[in-house]
Structures are given as structure tokens and as C-alpha cells.
Amino acid sequence: EPEVTQTPSHQVTQMGQEVILRCVPISNHLYFYWYRQILGQKVEFLVSFYNNEISEKSEIFDDQFSVERPDGSNFTLKIRSTKLEDSAMYFCASIGGTGRVNTEAFFGQGTRLTVV
Amino acid sequence: AQSVAQPEDQVNVAEGNPLTVKCTYSVSGNPYLFWYVQYPNRGLQFLLKYITGDNLVKGSYGFEAEFNKSQTSFHLKKPSALVSDSALYFCAVRDIEGYGGSQGNLIFGKGTKLSVKP
């Protein structure tokens, strides 16, 4: 069964450093998302990406964040200068086809980011 | 704004008993509702969805959910709980305000921890 894969599974970084979280969505999917889950809290939307551009972003997704689809398979989330409060589980998700509204999203297993 | 609420932080049930995990929603227009499960140290797994049609939706692992428009609820149910069902359950609604432009992300409830004891 096709799946969304994320690397690394766990990353520890020092405050102020840049991190790149990587995702490989399901191959024929067209819509890509990043979510985050701070420990013990709800899953929060960060950004959606379609047709090689950001289609929507939340207020969490400030200038420190950027996304990129550098080739036909990878989808990355970059945090330019990490803060302690960026520590969270980051989930990538993708949706296929044109039935976006009624189609479920497939999630990766997540990357746990710890900023020290 | 569209939202979902999961009023219970935790639900405890004995193995073999029926379980219900509650979810209520607030949307403008037709609701597109989803349930996801998160096992420890794992990602979110899709369980089931309601788009249109029958109010009782059947999904993975024996779970089902009942859509109730008058009560704006979409409660997750299972007739007989298993210890292996213990996990975090998330209700979500598709954000379709402004759809046709840039919307479509999922809005999640805060999650309900289900604990099934032997």
C-alpha cells in the first residue's frame, strides 16, 4: 500500500539553527500539507501546497518557515532559525486526485523535532 | 469559522464493551467529516469519513461513526472494544470556506485518548 514517508524520524537541533524536514508524498498525489503537534496538544495546520506554490498557510507559518518541492518526489519544510517553541511532531500529508474536499489525507509517521 | 470539538480528554472502557468517542462540529454548508487514529509514536491513520449518504459510516478495524445533522455530531463507535484499540482519536472537518480558491485543509479536534482495559 502506498504511503507517505518522512525523514528523519527524530531530529535534535540547537536553537537558532536551520532544519529541513523531508517528506515523500504518495506518488500520484497533487496536494501536500504540513501539520504540527506540540506534545499533548492538538494537531495544527501549517501550510498547504499545490501546483508548486503555497495555497494556504496558517498564522503559525511565519517568515521562519518555508516549503519547497525541489523535484518530483520530495516535499520539504524548512525552519530558518529554530526556537524552543518549534519543538513538536511535524506531520506531512498528501491528497490525491481532484476530489480534494471529500478525499481523505494520508499522513506520514511524523518527524519529532526537539530544539535545545 | 469551521471547527470541531471533542469534549472528552479521555474515555475509559473495558474490553468487550461498546465504546463511543464524541465529536461535534460547526460548519457553514455541508460538513466533510473524518476520524483519524494515532497509535503511540506513529502517524495519523485514516479510519472513516462522512461526505454524503447514509448517516452510519463504517470504517477500518470495526469502527463506525454516526452523523447526526440536528445535533451536529459525528460520534465514533465500536460495538466491542479491544485492548489494541487504545490510542488517541482525532475528529476532523475539512475547511471548505472559500473552496475553489485555496482552502481544503483539515481542522482537527484536540483528540480523545481511548484506554481499553482487559
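Refer to the preceding data block for the structure.
Everything numeric in this text was worked out from a predicted model, so none of it was measured. (Residues numbered from 1 in each chain as written. Chains lettered and ligands numbered in written order. Predicted model: local features only at pLDDT ≥ 70, side-chain atom pairs only at ≥ 80, totals over all residues. Heavy atoms only, no water.)

Caption draft 1: Molecular detail of the overall build of chain A. A count of helical and extended segments in chain A gives 0 helices and 11 strands. Reading chain A from its N end, one meets helices and strands in the order β-β-β-β-β-β-β-β-β-β-β. The globule rule puts the C-alpha radius of gyration for 116 residues at 13 Å, and the 13 Å found for chain A is close to it. In terms of overall dimensions, chain A has a C-alpha envelope of 40 × 25 × 25 Å along the principal axes. Here chain A, with 116 residues, has 47% of them falling under the buried criterion. Once local pairs closer than 6 in sequence are excluded, the contacts in chain A between residues at least 24 apart make up 54%. Summing over all exposed atoms, chain A offers an accessible surface of approximately 5,700 Å²; the carbon and sulfur share of this is 46%. Counting 10 positive and 14 negative side-chain charges, chain A places the centres of these two groups 2 Å from one another. (Helix = DSSP H or I, 4+ residues; strand = E, 2+ residues; numbered from the N terminus. Rg over C-alpha atoms; globule rule 2.2 N^0.38 Å. Buried < 20%, exposed > 50% of the residue type's maximum accessible area, 1.4 Å probe, protein only. Contact = heavy atoms within 4.5 Å. Areas by Shrake-Rupley, 256 points an atom, 1.4 Å probe, with all protein chains shown as cover. Lys, Arg positive; Asp, Glu negative; His and termini not counted. Charge placed at Lys NZ, Arg CZ, Asp CG, Glu CD.)

Caption draft 2: Here's a closer look at the sheet that holds strand β7 (residues 65–68) of chain A. Residue and element names in this part refer to chain A. Across the sheet, 4 strands lie side by side as β1-β3-β8-β7; this open sheet has antiparallel pairing. The sheet is open, and its two borders are formed by β1 (5–7) and β7, each paired with just one other strand. On average, each strand axis in the sheet is inclined to that of its neighbour by 20 degrees, with strand direction left out of account. (Pairing = 2+ DSSP bridges. Axes fitted to C-alpha atoms, helices over the stretch in contact; angles between N-to-C directions.)

Caption draft 3: Unusual backbone geometry, seen in detail. Omega for the bond connecting T7 of chain A with P8 of chain A falls within 30 degrees of zero, at -10 degrees, which places this linkage in the cis form. By the secondary structure assignment, P8 of chain A is in the loop between β1 and β2 (10–13). In this structure, N51 of chain A is a non-glycine residue whose phi angle is positive, near 55 degrees. When you line up the elements, N51 of chain A lands in the loop between β5 (43–50) and β6 (53–57). According to the relative accessible area criterion, N51 of chain A is exposed, its value standing at 59%. Not every positive phi belongs to a glycine, and T72 of chain B is a case in point at roughly 45 degrees. Following the sequence through the fold, T72 of chain B ends up in the loop between β8 (64–68) and β9 (73–78).

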